[in-house]
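Listed below are the residues making up each chain.
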Amino acid sequence: GVAHELNQPLSVIKTASSYLRRKASNHERVEEDILKTMAEEIDGHVDRASRIINHMREFGRKSEVAKERVEVNRVLQRAVEFFKQQLKLREIEVVEDFQEDLPPILADSNRLEQVFVNLLINARDAVEKKWEGRDPKRQEKRISLKTRSTEGKVTIEVTDNGTGIPEGIREKIFEPFFTTKKVGQGTGLGLSISYGIVHDYDGTIHVESTEGRGATFIIRFPRIHEA
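Just so it is clear, the structure is predicted and the values come from calculations on it, not from any experiment.

Parameters and conventions
- Residues numbered from 1 in each chain as written.
- Predicted model: local features only at pLDDT ≥ 70, side-chain atom pairs only at ≥ 80, totals over all residues.
- Heavy atoms only, no water.
- Helix = DSSP H or I, 4+ residues; strand = E, 2+ residues; numbered from the N terminus.
- Contact = heavy atoms within 4.5 Å.
- Areas by Shrake-Rupley, 256 points an atom, 1.4 Å probe, with all protein chains shown as cover.
- Core = buried A, V, L, I, M, F, W, Y, C linked by side-chain atoms within 4.5 Å.
- Buried < 20%, exposed > 50% of the residue type's maximum accessible area, 1.4 Å probe, protein only.
- Expected span 1.5 Å × (residues − 1).
- Bend = angle between axes of the 7 residues up to and from the residue.
- Pairing = 2+ DSSP bridges.
- Axes fitted to C-alpha atoms, helices over the stretch in contact; angles between N-to-C directions.
- Salt bridge = Lys/Arg side-chain N within 4 Å of Asp/Glu carboxyl O.

> Explanation requested: the overall build of the protein in the structure shown.
Within the protein one finds five helices and seven strands. Helices and strands appear in the protein in the N-to-C order α-α-β-α-β-β-α-β-β-α-β-β. Long-range contacts, defined as pairs at least 24 residues apart, comprise 74% of the intrachain contacts of the protein with a sequence gap of at least 6. Of the accessible surface of the protein, which amounts to about 13,800 Å², a share of 48% is contributed by carbon and sulfur atoms.

Here is the structure:
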């Protein structure tokens, strides 16, 4: 998986550098628009390789798990705020259904926000993919967020009405480097990293989905029982 993801940007960079070296060796001029395009391609693929490496660092990190009192609703709202404008521009409605007196959990708010951001990215992409080339009706593109406390657990649900996940691959989506996105659109590490973070805080994560109708990611954490 690492080889596949890194070889593509490295191949583009190698092709561009070989072309420029050949031109320089032959004392040939490179047209300005070609030079600009190649520079942009190199820059973009270096950024992509850096993102892959940073994902690998996060996935492979075995640092101590810090736990603190976390208000889930606040972290989830912060993650939504991060995407609010781009979701609005894409005409994706966000429906929030948060339990007001939600008990706190023991986790790390920054790492938990990373989980929610990953899930929102996947939900956004699934919705966009479903309506690609189509003109959806008003409020037809939707992501729903729900929090609840039942049976000693705090539950978070992230639901989209996008493409859904085929039954044959649902068991694989939390594996490192598994992705259904096109090359260059994802490393396949977002869900595997999220899975690791959730389990670091004694939580569980699973998905329920109907192909063509959307998916719901369900996360459960033990609640803090306060005196």
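Next comes the rest of the write-up.
> Can you help me understand the nonpolar core in this one?
Side chains that are nonpolar tend, in soluble globular proteins, to be buried together. Within the largest apolar cluster, 42 residues are counted, with the highest numbers of intra-cluster contacts made by Phe-116, Ile-143, Phe-217 and Ile-219. For this core, the elements supplying multiple residues, two or more each, are helix 3 (72-89), strand 3 (105-107), helix 4 (109-130), strand 4 (142-150), strand 5 (153-160), helix 5 (190-200), strand 6 (204-210) and strand 7 (214-222). For this core, the leading source of residues is helix 4, giving eight residues. If we skip the residues at most four places from it in the chain, Phe-217 touches Leu-119, Ile-156, Glu-157, Val-158, Ile-165, Ile-173, Phe-174, Leu-191, Ile-205, His-206 and Val-207.

> For this particular structure, what's the right way to read helix 3?
Owing to its 3.6 residues per turn, the α-helix aligns residues three or four sequence positions apart on the same side. Its 18 residues give helix 3 an end-to-end C-alpha distance of 26 Å, which sits within 8% of 26 Å, the value for a rise of 1.5 Å per residue. Maximum bend of helix 3: about 50°, positioned at Phe-83. Three or more residues of helix 3 are buried, namely Val-72, Asn-73, Val-75, Leu-76, Ala-79, Val-80, Phe-83 and Leu-87. The inward-facing, buried residues of helix 3 contact strand 1 (68-70), strand 2 (93-98), strand 3, helix 4, strand 4 and strand 5. Two residues or fewer past helix 3, Glu-91 is found with a positive phi of approximately 60°.

> Could you clarify how one ought to interpret the sheet that holds strand 2 in this entry?
Across a sheet, strands are paired by hydrogen bonds formed along the backbone, either parallel or antiparallel in direction. Taken together, the five strands give an open sheet; going across it, the order is 2-4-5-7-6, and neighbouring strands pair in mixed fashion. Of all the strands in the sheet, just strand 2 and strand 6 have a single pairing partner and so form its edges. The sheet shows a mean angle of 15° between the axes of neighbouring strands, taken without regard to direction. Pairing of strand 2 with strand 4, which is carried by six bridges, proceeds in the parallel orientation. Residue pairing in the sheet places Val-94 in a bridge with Ile-143 of strand 4. Against the sheet, helix 5 engages strand 6 and strand 7, with an angle of about 135° to strand 6.

> Which parts of the structure should I look at to understand the pattern of salt bridges?
According to the stated counting rule, one finds 12 salt bridges in the structure shown. Measuring nitrogen to oxygen at the nearest pair gives 3.5 Å for the salt bridge that ties Arg-142 to Glu-93. With a gap of 49 residues between them, Arg-142 in strand 4 and Glu-93 in strand 2 connect regions that are remote in the sequence. Relative accessible area serves as the criterion here: at 30%, Arg-142 is assigned to the partly exposed category. Here Glu-93 falls in the partly exposed class, since its relative accessible area comes to 25%. Two residues, Asp-125 and Arg-124, come together in a salt bridge whose shortest N-O distance is 2.9 Å. Residue class for Asp-125 comes out partly exposed when judged on its relative accessible area of 22%. Using a relative accessible area of 13% as the deciding quantity, one classes Arg-124 as buried. One salt-bridge network, in which partners are shared between bridges, spans Arg-90, Glu-128 and Lys-141.

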